[in-house]
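Per-entry structural report
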Amino acid sequence: MDRIRIVGGNKLAGSIPISGAKNAALPLMIASLLTDDTLTLENVPHLADVEQLIRILGNHGVDYSVNGRREKQQEGYSRTINFSARNIVDTTAPYELVSKMRASFWVIGPLLARMGEAKVSLPGGCAIGTRPVDLFLEGLQVLGADIDVDTGYVIAKTRNGRLVGNRYVFPKVSVGATHVLMMAASLAKGETVLENAAREPEIVNLADCLNAMGARISGAGTATITIDGVEALSGARVRVIPDRIETGTYAMAVAMTGGDVVLEGARADLLQTALDVISQTGAEITQTNSGIRVRRNGAGIAPVDVATAPFPAFPTDLQAQFMGLMTMAKGKSRITETIFENRFMHVQELARLGAHITLSGQTAIVDGVSKLKGAPVMATDLRASVSLVIAGLAAEGETTVNRVYHLDRGFERLEEKLSGCGAVIERISG
Ligand SMILES: CC(=O)N[C@H]1[C@@H](OP(=O)(O)OP(=O)(O)OC[C@H]2O[C@@H](n3ccc(=O)[nH]c3=O)[C@H](O)[C@@H]2O)O[C@H](CO)[C@@H](O)[C@@H]1O
Ligand SMILES: C=C(OP(=O)(O)O)C(=O)O
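Rules of the game
Residues numbered from 1 in each chain as written. Chains lettered and ligands numbered in written order. Predicted model: local features only at pLDDT ≥ 70, side-chain atom pairs only at ≥ 80, totals over all residues. Heavy atoms only, no water. Pairing = 2+ DSSP bridges. Helix = DSSP H or I, 4+ residues; strand = E, 2+ residues; numbered from the N terminus. Axes fitted to C-alpha atoms, helices over the stretch in contact; angles between N-to-C directions. Contact = heavy atoms within 4.5 Å. Buried < 20%, exposed > 50% of the residue type's maximum accessible area, 1.4 Å probe, protein only. Near = heavy atom within 4 Å. Polar contact = N/O pair within 3.5 Å; in protein donor to acceptor, adjacent residues only side chain to side chain. Areas by Shrake-Rupley, 256 points an atom, 1.4 Å probe, with all protein chains shown as cover. 1 Å grid on protein atoms, 1.4 Å probe; cavity = no way out; pocket = protein on both sides within 12 Å on 5 of 7 lines; lining within 4 Å. Sits in = over half its atoms within 2 Å of the grid points. Nonpolar A, V, L, I, M, F, W, Y, C, P; charged D, E, K, R; others polar. Parallel < 35°, antiparallel > 145°, perpendicular 65-115°, else oblique. pLDDT = per-residue confidence, 0-100.

It is worth spelling out the sheet that holds strand β1 (residues 3-8) at this point. With respect to topology, four strands assemble into an open sheet ordered β22-β23-β1-β24, the strand pairing being mixed. Strands with a single pairing partner mark the edges of an open sheet, and in this sheet they are β22 (376-378) and β24 (424-428). Strand after strand, the sheet turns through a mean of 20° between neighbouring axes, direction not considered. As paired strands, β1 and strand β23 (residues 397-402) are joined by five bridges and run antiparallel to one another. By the bridge assignment, Ile-4 is partnered in β23 with Val-401. Together, β1, β22, β23 and β24 form the strand contacts of helix α13 (residues 382-394), whose direction differs from that of β1 by roughly 30°.

You can see Pro-27 is positioned in helix α1 (residues 22-31). On the basis of relative accessible area, Pro-27 is assigned to the buried category, the value being 0%. Each C-alpha atom, one on Pro-27 and one on Val-107, is 8.7 Å from the other, the two residues being 80 residues apart in sequence. Those residues in contact with Pro-27 that sit more than four places away from it in its chain are Trp-106, His-179, Met-183 and Leu-206.

Below, the discussion takes up the site of ligand 1. Among the 20 residues in the neighbourhood of ligand 1, the closest are listed as Asp-134, Ser-174, Val-175, Asp-317 and Ile-339. One of the side-chain N or O atoms of Asn-23 is found 3.0 Å from an oxygen atom in ligand 1. Contact distances for ligand 1 include 2.7 Å between an oxygen atom and a backbone N or O atom of Val-175. Its free accessible area being 740 Å², ligand 1 has 91% of it covered by the protein chains. Cavity membership is defined here by more than half of the atoms lying within 2 Å of grid points; on that basis ligand 1 lies in the largest pocket. A total of three residues in the shell around ligand 1 trace back to one element, the largest contributor, which is helix α6 (residues 134-142). Of the residues in the shell around ligand 1, the class split is ten nonpolar, four polar and six charged.

Relative to each other, helix α9 (residues 244-257) and helix α11 (residues 319-326) sit at 5°, their axes nearing to 9 Å. Comparing the axis directions of α9 and α11 gives the class roughly parallel. Two secondary-structure elements touch here, α9 through Ile-245, Thr-249, Met-252, Ala-255 and Met-256 and α11 through Gln-321, Phe-322, Gly-324 and Leu-325. For the contact of α9 with α11, the residue count by class is six nonpolar, three polar and no charged.

For the rest of this paragraph, the subject is unusual backbone geometry. Note that the residue after Phe-311, namely Pro-312, is joined by a cis bond; omega there is 10°. Phi is positive for Asn-196, close to 60°, though the residue is something other than glycine. Mapped onto the secondary structure, Asn-196 falls in the loop between β11 (191-195) and α8 (201-212).

Before going further, it helps to examine the confidence of the model for the chain. Per-residue pLDDT for the chain averages 95, and the proportion of residues at 70 or more is 97%. Among the scores for the predicted complex, ipTM is 0.99 and pTM is 0.97.

So, in structure tokens, the structure goes:
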């Protein structure tokens, strides 16, 4: 199994291109199931999760082709991909495929809306909490679906071949359930109003895509989304937004090691709260014509308290990385996780590098140390793994991060991007 070897201590300097967002690309790809026309997506990141979803969509009958295969594109660069679901050949998403990635459960929305039925295995995904699907099921029932859960599968059917628009108030904000209900309602009969909907930029990217395909959606990016259902959707060409979590991750890496890096193509409006927090730690952040410039020279890292919450607040997907940064702050910080009940798996691994962290319920109290020392570490989820990479870059000596497949789910060309800025980091195969 591959490992990442890091020799810490170098400041980062240079530029890092920000890839298309994993969490935007996945729902956009799934939206291709809604039409028999071709959906062309630009800036699709080259990631394990994208490859896995291509396999899952292929099982339903979605063909894909990659535009202009230049040499570099085969080496793991973002690509333009055409998805065509002319014929849906299977409305079942099997356990073997869905258990590997939570977002694959989201095919339930378009399959049900277009085909009137779907049988989808309950999902897997990162080990960060129980992650139930009750809101998806309740919302689809409100749109007129009959739902059964049997032998690990959700079996959903429409009553008269088509979903029917309705009002659904989410009892809790859910990104995935908002994606699914927005896709399902696009082909429903009549108007759907979703209240307390997720406001994440990835929701807006999907709504823009659906509208380009002929849907009638307004209010995406606010808590109330209105969808006026249409009979059919067509193809479109849509660009995946830059990855705000990748952006925040590299910004925190620079804030931790010191240095001066431009995050090319990054958009500050997608992660303003996180950027404000990083500024409070002492880094200087400026928007440039080409992206976001992050600098920290000399001064130490100031401790800052954060609590994760749905957008536009501080994202849970940056919590582990921020904890990495706070391990070397000059004082104590409190980091509270309010989204997932089990998202502190990085705490014991950061401790191997010399971090002082205690847990009190959903809050981690991080007592900053003046230096970390490299060690072998291993994480059980994607963002936790990258928090260890960041800490390793700042630690003295050698850190080996095991179970690299987690990183490959969500970070395109991680070693190449960081070594391009002066980090000593390499992948060791086998
Ligand atoms: C592929 C993707 O985009 N993944 C992101 C998405 O995950 P995902 O869409 O799975 O996360 P949700 O927003 O749905 O989850 C938020 C909270 O709601 C709970 N919940 C959700 C659905 C449900 O039916 N019942 C329920 O109780 C979850 O357990 C969690 O506690 O948003 C999360 C929160 O920003 C991010 O961490 C993930 O990176
Ligand atoms: C938790 C994540 O992904 P998923 O929802 O696919 O598990 C993530 O992207 O950090």
